[in-house]
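# Close look at the chain arrangement
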Amino acid sequence: MAESSSPRGAWASKTGFVLAAAGSAVGLGNVWRFPYITGENGGGLFVMIYLVCIAVVGLPIMIGEILIGRAAQRSTVTAFKTLAGPHTPWKALGGLGVVVAYLVLSFYSVVAGWAVYYTVIAARGGLGGRSPEEIQEIFGATYTSIPLNLVWTALFMVLTVAVVWRGVRNGLERWSRILMPSLLLLLGLLLVRATAMSGFGEAFAFVFGLHADQLTGGGVIEALGHSFFTLSLGMGGLLTYGSYLEKQADIPSMSAGIAGLDTVIALLACLVIFPITFSYGLEPTQGPGLIFTSVPIAFAQMPAGGLLATAFFALLVFAALTSAISLLEVAAAYWIDERGWSRERAALASGLGVSLLAIPSALSGATELFGGRMQAAVGSNWFDLVANIASNWSLPLGGMGIALFVAWRMPDALRSVEFKSGSRWAGFYAGWLVVLRFVVPLAIAAVFLHAVGVF
Ligand code: PHE
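The model shown is predicted, which means the values in this text are computed figures rather than measured ones. (Residues numbered from 1 in each chain as written. Predicted model: local features only at pLDDT ≥ 70, side-chain atom pairs only at ≥ 80, totals over all residues. Heavy atoms only, no water.)

So, about the packing of aromatic side chains. Summed over the entire model, instances satisfying the criterion amount to 35 aromatic pairs. Look at Phe-204 and Phe-208: their rings are 5.0 Å apart centre to centre, the planes differ by 50 degrees, and that puts the pair in the tilted class. Of this pair, Phe-204 and Phe-208 both sit in helix α9 (residues 200–208), four residues apart, roughly one helical turn. For Phe-208, a relative accessible area of 34% corresponds to the partly exposed category. (Phe/Tyr/Trp six-rings, centres within 6.5 Å; stacked < 30°, edge-to-face > 60°. Helix = DSSP H or I, 4+ residues; strand = E, 2+ residues; numbered from the N terminus. Buried < 20%, exposed > 50% of the residue type's maximum accessible area, 1.4 Å probe, protein only.)

The following block contains the structure:
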C-alpha cells in the first residue's frame, strides 16, 4: 500500500490518510445512489433520517473502525486476531467484511462502467444538443445492452486492479488533490445553474421539507444502510486504511471532517439533480438511471456543455475508482496478510473474482434475470438484490459488530489512548463510548426489527 522505510508502510502524511479515506467515502454513493434512493423514498423525511444516522451512528462507528486499525496495525481479519486472540469469534466480523467487499464491488463496478461509457459518449459529442427524451433513450439502451455492460464493467475492473496491484499510494494521492476538488467545483457550477431553473423551489422542498408520504419500513433501513455505504463503513476498509496511520493523528477530528465532506457532496448532488428532474418533468422515482438522465439534460442546454459533461463523468469515474480500490484493497489485504500471497496475485485474483460476480449484475437490465422469474419471485432483479443485502443489511451488521467490539471488548487503556492521542476531541471520549455501547447497537437493532415488521 505504501512505500516507506517501515515494513508495513505508512501514509507519507496525515493528508495521505485523509485523502484516501475521503476518496473511499466520496463516490457513486454520494452522486449516483443517494439522489436516486432519496427520489424513491419521497425525499424530506428520508433525508432527515439519513442525516441522523450519519451523525449518531455512522460517525461514532467510523472513529471506532479507524481506531481498531491503528491499534492493531493490521488489516481487517488479522486485526481482530491481534487484538482479541487467534481463536476469537470476532475474526468472523473481519471475514464478513471481506465477503461484503466482493459483493459491493460486484454491482459498484457496473455503475462505474456506465460512468466510463458516458465519459466516452460525452467526449465524442454524443450528448450535446439532445432532447430530454433522447437522453432518456440513451440510458435505456445502455442499461439493457449486454455487450456495453460487460465491456465497460470489465474495463473499470481492470483500472481498479491496476491501481491496487501497484499499491494505493503510487500517484493516486497526488491526483486526488486536484481531481476531488474539481468534482466539488463542477457540482457547485451545476448548483448555480440549478438555482435558476423553474423546478428549484419544488426540488428544495422535496429534499428538505419534512413530508413522510412515501417512506416505508424499507426506507428507514435504506437510510441506515446508505449511511454505512456512503461512509465506507462496516466492512473493514477504513480499518485497513487506519492501520497505516501515524500515532499522533487526531482520529475523531479527521472522521468528522470526512463525514462532513461526504454529506455536503451528497446533499449538493440532490440539489443539482432534483431541480433538473422537476423542471423537465422526469420521474424522481426512476431509480438507478436518475443521474445518467438528469445531468446530461442540464449540460445539453449549457454553453460548452459537451466539455463540461465529459469532465463531470470523468471526475465521477475517478471518484468511483478511489472508492473501488478501497473495496478491492480489503479483499486483497486478506489474501496478503492471511494467506501470504503477493500483492500482485492477490489483486488479480480478487479482481477476477469480483468480475465474475459482477456478470449477473451487469446483465440485470438486459435480461431482468431468468426472464423476469427471479424478479417475480423475490420482487427484485439481481442488481437490486445484491445491493440490498450488502448495503442495507451486511454493512450495518458489520458496523454493529465493530461498535460492540470497540465498546465492550477492547481494553479501555488501549481504546482511550487511540481516541485521545493528539485529539482536540479528547473531552468527548466518555460521551462517545456511551453512544457506541448503547445508542448505536440499539438503534441498529431497532431499524432491523422495524424492517422485518416487528414494530
Ligand atoms: N463509500 C463509497 C461511495 O459512496 C462506496 C463504498 C462502500 C466504498 C463501502 C467502500 C465500502 O461511493
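The next point concerns a nonpolar patch on the surface. Residues Met-48, Val-52, Val-56, Leu-210, Trp-408, Val-434, Phe-438, Val-439 and Leu-442 make up a contiguous nonpolar surface patch of about 840 Å² in total accessible area. Counting only elements with at least two residues in the nonpolar patch, the list comes to α3 (45–72) and α20 (429–451). Per-element accounting of the nonpolar patch gives the leading share, four residues, to α20. For Val-439, the location among the structural elements is in helix α20. (Patch = residues over 30% accessible without salt bridge, like charges linked within 9 Å, V, L, I, M, F, W, Y side chains within 5 Å. Areas by Shrake-Rupley, 256 points an atom, 1.4 Å probe, with all protein chains shown as cover. Salt bridge = Lys/Arg side-chain N within 4 Å of Asp/Glu carboxyl O.)

In this section: the pattern of salt bridges. Side chains that differ in charge, positive against negative, can pair when their charged atoms come close. Here the structure, examined in full by the defined rule, presents six salt bridges. We note a salt bridge from Glu-338 to Lys-81, for which the minimum N-O separation is 2.8 Å. Of the two residues, Glu-338 is situated in helix α14 (residues 305–339) and Lys-81 in helix α4 (residues 76–84); the sequence distance between them amounts to 257 residues. Glu-338 gets classed as partly exposed once you look at its relative accessible area, which sits at 23%. For Lys-81, a relative accessible area of 25% translates into the label partly exposed. The partner of Lys-247 in a salt bridge is Glu-418, and the shortest N-O contact between them spans 2.8 Å. Of the two residues, Lys-247 is situated in the loop between α11 (237–242) and α12 (251–279) and Glu-418 in helix α19 (residues 412–420); the sequence distance between them amounts to 171 residues.

Further remarks concern α19. Among the residues of α19, those classed as buried are Arg-415, Ser-416, Glu-418 and Phe-419. Looking straight down α19, one finds that the buried residues subtend no more than 160 degrees of arc, so they occupy a single side. Across from the buried face of α19, at angles greater than 90 degrees, the exposed residues are Ala-413 and Val-417. Summarising the contacts, the buried residues of α19 are in contact with α3, α12, α18 (382–409) and α20. In the segment just after α19, Gly-422 is the residue with positive phi, at about 65 degrees. (Arc of directions from axis to C-beta. Contact = heavy atoms within 4.5 Å.)

Counted under the stated rule, the structure contains five cavities of 30 Å³ or more. Considered as a void within the structure, the largest cavity measures approximately 140 Å³ in volume. Lining of the largest cavity is provided by 15 residues; of these, Ser-24, Val-104, Phe-229, Ser-232 and Leu-327 occupy positions nearest its centre. Secondary-structure elements contributing two or more residues to the lining of the largest cavity are α1 (14–25), α5 (91–123), α10 (217–231) and α14. The residue inventory of the lining of the largest cavity, partitioned by class, reads nine nonpolar, six polar and no charged. (1 Å grid on protein atoms, 1.4 Å probe; cavity = no way out; pocket = protein on both sides within 12 Å on 5 of 7 lines; lining within 4 Å. Points joined across faces, edges and corners; volume = space filled by probe spheres on them. Nonpolar A, V, L, I, M, F, W, Y, C, P; charged D, E, K, R; others polar.)

All right, on to the state of the cysteines then. Tallying each qualifying case throughout the model produces zero disulfides. Cys-53 takes part in no disulfide bond, and the closest cysteine sulfur, belonging to Cys-270, lies 15 Å away. A relative accessible area of 9% means that Cys-53 is categorised as buried. (Disulfide = S-S within 2.5 Å.)

What follows concerns the site of the ligand. Close contacts around the ligand come from 14 residues, with Ala-25, Gly-29, Tyr-108, Phe-229 and Ser-232 the closest. A distance of 3.1 Å separates a nitrogen atom of the ligand from a polar atom in the backbone of Ser-24. Taking Tyr-108, its side chain carries an N or O atom lying 2.4 Å from an oxygen atom of the ligand. Expressed as a share of its isolated accessible area of 320 Å², the protein-covered part of the ligand is 100%. Structurally, the ligand is housed in the largest cavity. Counting only elements with at least two residues in the shell around the ligand, the list comes to α1, α2 (28–40), α10 and α14. Tallied by class, the residues present in the shell around the ligand amount to six nonpolar, eight polar and no charged. (Near = heavy atom within 4 Å. Polar contact = N/O pair within 3.5 Å; in protein donor to acceptor, adjacent residues only side chain to side chain. Sits in = over half its atoms within 2 Å of the grid points.)

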